[in-house]
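# A closer look at the structure
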Amino acid sequence: MNVELMQALADLEKEKGVKKDYMLERIAQALAAAYKAIYKKDAQSAALENVFVQINPETGAIAMHAVKTVTEEVENPAAEISLEEAAQYSPLARLGDEVRIEIDASKFGRIATQTAKQVIIQGIREAERGMIADEFASKEHEILNGLVTRIDPRYGSVILELGSGRDKTEAVLPVSEQVKNEQIREGQRLKVYLVEVRRGVKGPQMVISRTHPGLVKRLFELEVPEIYDGSVMINSIAREAGSRTKIAVSSADENVDPIGACVGPRGARVAGIVDELQGEKIDIIKYSEDPVQFVAEALSPADVLLVTPGADGKSCSVVVPDDQLSLAIGKEGQNARLAAKLTGWKIDIKPQSQALEQALANAAQQAEEQ
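Quick notes on the rules
- Residues numbered from 1 in each chain as written.
- Predicted model: local features only at pLDDT ≥ 70, side-chain atom pairs only at ≥ 80, totals over all residues.
- Heavy atoms only, no water.
- Helix = DSSP H or I, 4+ residues; strand = E, 2+ residues; numbered from the N terminus.
- Pairing = 2+ DSSP bridges.
- Axes fitted to C-alpha atoms, helices over the stretch in contact; angles between N-to-C directions.
- Buried < 20%, exposed > 50% of the residue type's maximum accessible area, 1.4 Å probe, protein only.
- Contact = heavy atoms within 4.5 Å.
- pLDDT = per-residue confidence, 0-100.
- Polar contact = N/O pair within 3.5 Å; in protein donor to acceptor, adjacent residues only side chain to side chain.
- Arc of directions from axis to C-beta.

Once that is clear, we can look at the environment of Ile38. As for its placement among the helices and strands, Ile38 is situated in helix α2 (residues 20-39). Taking the C-alpha atoms as reference points, Ile38 and Ala78, 40 residues apart in sequence, are found 8.6 Å from one another.

Okay, structure coming up:
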């Protein structure tokens, strides 16, 4: 039986990747659980920790024993033994001594054996879940390709199948992480961004998203070789999923145009990303370490006449031509909002005429004060 056990564990490790040492530990726990099941009805749970199991990892030989205290009157058979019975194992035993008793696992009853089986099965499941969690944890903040297997008609959640083979698992894309008005259907292949892997009792939980800015970043890395090889860098991203994204890029090589590299020949590279995002508009901005220049670029496609930084170093006042005020602000303030997210600055936009009036008023006030 021991030879068969070790062969079974070797097959299990080969087929499912469950380590032999892990399963030997679980089998030892299972045998201990089986012993405890015999005394479960008439023993206190605290007294069931006196059984020990050792399994030889080479031969599979099992040694199992319980340690019981010699008492005058046995109240807990799982942890106590009478002086008369103890003499069979240790002739010199006295009241209060601890006696080691060999246990014959072959005499376990059906209930105890079933308990052991459940522990072993649970151990295999936990090992498989742990391996899946480890596999996907290494892919956090990456794009995964999923197959849409079901759409919850009540809550709108999308269930996807991720991975393949023994690493295959399910993940739920909740409505909150879906792009508004994006059409998803069963059987569709869908790219998702793996935000986090959470380990739970029921197995690993994949936190995935279609709205995360990281999805856009990874799509550019896949489409633009210059980003992949490091000659072009993504410095910042601001996204309102399903509508518009602004992405700031730069290059350490003066011979490489970062915007041109991202757009691609005839716009092919950015077009592929727009298609994947089902029509989401993408503004590619040239990053600058000069915050004044960066803010001006971020408000593209509007022309900026003047950027005046605030004293706090986190805000600025921007002047644009009167006829481009609405363009700078954007529909429902979207352009200004994304520019603020992209730069990390609070932006106050004013038309040229208003800025001029305010400047003249300030000048007049200063003249009066003098």
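Let us look at the sheet that holds strand β15 (residues 346-351). Strand order in the open sheet made by the 3 strands is β13-β14-β15, with mixed pairing throughout. Every other strand in the sheet has two partners, leaving β13 (306-309) and β15 as the edge strands with one partner each. The average undirected angle you get between the axes of adjacent strands in this sheet is 20°. Where strand β14 (residues 315-320) meets β15, 6 bridges bridge the pair, whose relative direction is parallel.

Here we come to helix α11 (residues 334-343). The buried count for α11 comes to 7 of 10 residues, which makes it a mostly enclosed element. For α11, the full list of buried residues reads Gln334, Asn335, Ala336, Leu338, Ala339, Leu342 and Thr343. Against β10 (232-240), β11 (244-251), β12 (281-286), α9 (291-298), α10 (325-329) and β15 lie the buried residues of α11. Looking one or two residues past α11, Gly344 carries a phi angle of roughly 80°, positive in sign.

It is worth spelling out the confidence of the model for the chain at this point. Of all residues in the chain, 90% have pLDDT values of 70 or greater, and the mean over the chain is 85. Note that residues 42-47 has pLDDT below 50 and, in this model, 9 contacts with residues that lie over four places away or in other chains.

This part covers the pairing of strand β5 (residues 143-151). Here β5 runs beside strand β8 (residues 189-200); their pairing, made up of 5 bridges, is antiparallel. Counted as the bridge partner of Gly146 is Leu190 from β8. Hairpin geometry of β5 and strand β6 (residues 158-162) is characterised by an intervening segment of 6 residues between the two adjacent antiparallel strands and by a positive phi of about 80° at Gly156.

The next thing to look at is the side chain of Arg239. The residue Arg239 is located in strand β10 in this model. A relative accessible area of 8% means that Arg239 is categorised as buried. A distance of 3.0 Å separates a polar atom in the side chain of Arg239 from the backbone oxygen of Arg210. Within the structure, the side chain of Arg239 is placed 3.1 Å from the backbone oxygen of His212, a separation counted as a polar contact.

Looking at the element boundaries, Arg26 is found in helix α2. Residue Arg26 is classed as buried on the basis of its relative accessible area of 13%. Dropping the residues within four chain positions of it, Arg26 is found in contact with Val119, Gln122, Gly123 and Glu126.

Moving on: helix α8 (residues 268-276). Taken as a whole, α8 has its buried residues at Arg269, Val270 and Ile273. Angular distribution of buried residues about the axis of α8 spans 90°; they occupy a single face of the element. Taken together, the buried residues of α8 touch α5 (213-223), α6 (225-228), α7 (258-263) and β12. Immediately downstream of α8, the backbone of Gln278 shows phi near 55°, a positive value.

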